[in-house]
Structure formats: structure tokens, C-alpha cells
Amino acid sequence: ADELGRAQERPVDRDARHRVPRVSRDALGHDREIGTGIVGKKRDRAEHLFRVFRSVMEHNAYGSSAMLCALDWYLTTPQEIVVVGTRGEAMTESLLSTVHRRYLPNRAVLVVEASRHVGESNLALTAGKTSVNGQPTAYVCHRQTCSPPVTESHQLDLLL
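Okay, so let's go over this structure. As the structure is a prediction and not an experimental result, all values here were calculated from the model. (Residues numbered from 1 in each chain as written. Predicted model: local features only at pLDDT ≥ 70, side-chain atom pairs only at ≥ 80, totals over all residues. Heavy atoms only, no water.)

**Observations concerning the packing of aromatic side chains**
Here comes step 1: Under the criterion given, the structure shown has 0 aromatic pairs.
Here comes step 2: The ring of Tyr-139 has Lys-129 lying over it, and the distance from NZ or CZ to the ring centre is 5.6 Å. (Phe/Tyr/Trp six-rings, centres within 6.5 Å; stacked < 30°, edge-to-face > 60°. Lys NZ or Arg CZ within 6 Å of the ring centre and 35° of its normal.)

Right under this line is the structure:
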């Protein structure tokens, strides 16, 4: 590689395109828990692979789609959005519409029924998430840290 991290010219490996998705997923090494991210040597390895495949990704985006998705995941913080409310209710649907209007490829949206009993869900992301004053409420989380609750679509839009 040269001083800018670009790969040196070499013969085209026709089978490399089949290995890239597996290599990129392995290199990213995401932990199984939601939002834990890349750590230590795995982060260094991922950065190295992105530098090595930079030229390939620049010249053949279609053939490098899995690697580009991995790069996008690497560069952006995944968001977990929890909406506490009742599906079909106007205010709950308004909050969900705010989320779905935005292009947020690295997001997970979870709707939790406001009528559920405490401890009813076994998902860690729902722990402590309740509605505010009986209104549908949204939380935006990054790496296991959540925003204060919001009840208005415009407030949620600012968090996204």
C-alpha cells in the first residue's frame, strides 16, 4: 500500500468478491449485544481492510455492496428507537411516521405497548421505558445510552 493507504496494483482476484462480505463481517466483530460496537484489534483489522479494498469500492460500488454496507455501519452509530404507545393510536403513529420519513439505514425501531406490565418484556432495550403522562413516548438510544423521553414528533425529529 502507498502512503495514502491505497492498495498497490495487482492482478484481479475474481473470487475476492465472494469473500468480501464474510471478511467484512468477521473483521467488524460486532458483539452480540445491541450497540456494543467494534473494539481493539477487530477495529484495527476493519480499518486495514477498508484501506486495502478502498480502490475496489471506489471503482466497483455494485460489486462491493456488502463491503460498503459494512463501511457505513462502521462509520455511523446505530440507533435504537423505542416508542412506548399503542399501535393505531394517532400520536403513536405520528412518532413512528417521524422515524420512517428519515433515511436511517442503521436503525432498529421497537414499539412497546403502553399497557404492558413492568418486567413483561425480556428485551434489555425496553427496561425503564415508560410513557410520560400517559402519552406515547419515544426514546432514541446510541450504544446503550438513551435520550430523555419525548412525546412530540418535532422533538423526536431533532433527536434523529
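**Thoughts on helix α5 (residues 90–101)**
Here comes step 1: A rise of 1.5 Å per residue sets the reference length of α5, with its 12 residues, at 16 Å; its end C-alpha atoms lie 16 Å apart and thus fit the reference within 8%.
Here comes step 2: All of the buried residues along α5 are Thr-92, Leu-95, Leu-96, Thr-98 and Val-99. In a view along the axis of α5, the buried residues occupy a sector of 150°, so they form one face of it. Opposite the buried face of α5, by more than 90 degrees, sit the exposed residues Ala-90 and Arg-101. (Helix = DSSP H or I, 4+ residues; strand = E, 2+ residues; numbered from the N terminus. Expected span 1.5 Å × (residues − 1). Buried < 20%, exposed > 50% of the residue type's maximum accessible area, 1.4 Å probe, protein only. Arc of directions from axis to C-beta.)

**Remarks on the nonpolar core**
Here comes step 1: Within the largest apolar cluster, 11 residues are counted, these being Ile-81, Val-83, Leu-95, Leu-96, Val-99, Leu-104, Ala-138, Val-140, Val-150, Leu-156 and Leu-160.
Here comes step 2: Residue assignment for this core shows that the elements contributing at least two residues are β1 (79–84), α5 and β3 (137–142).
Here comes step 3: In terms of residues, this core owes the most to one element, α5, which gives 3 residues.
Here comes step 4: Setting aside chain neighbours within four positions, we find Ala-138 in contact with Val-82, Val-83, Leu-95, Pro-148, Pro-149, Val-150 and Leu-156. (Core = buried A, V, L, I, M, F, W, Y, C linked by side-chain atoms within 4.5 Å. Contact = heavy atoms within 4.5 Å.)

**Some points on the sheet that holds strand β4 (residues 145–146)**
Here comes step 1: Reading across from one edge, β2-β1-β3-β4 is the order of the 4 strands in this open sheet, with mixed pairing throughout. Because the sheet does not close on itself, it has two edges, and the strands there are β2 (107–112) and β4.
Here comes step 2: Relative to β4, β3 runs antiparallel, the two sharing 2 bridges. Bridge pairing in β4 links His-142 to Thr-145.
Here comes step 3: Each of β1, β2 and β3 is contacted by α5, which is oriented at about 175° to β2, the strand it contacts most. (Pairing = 2+ DSSP bridges. Axes fitted to C-alpha atoms, helices over the stretch in contact; angles between N-to-C directions.)

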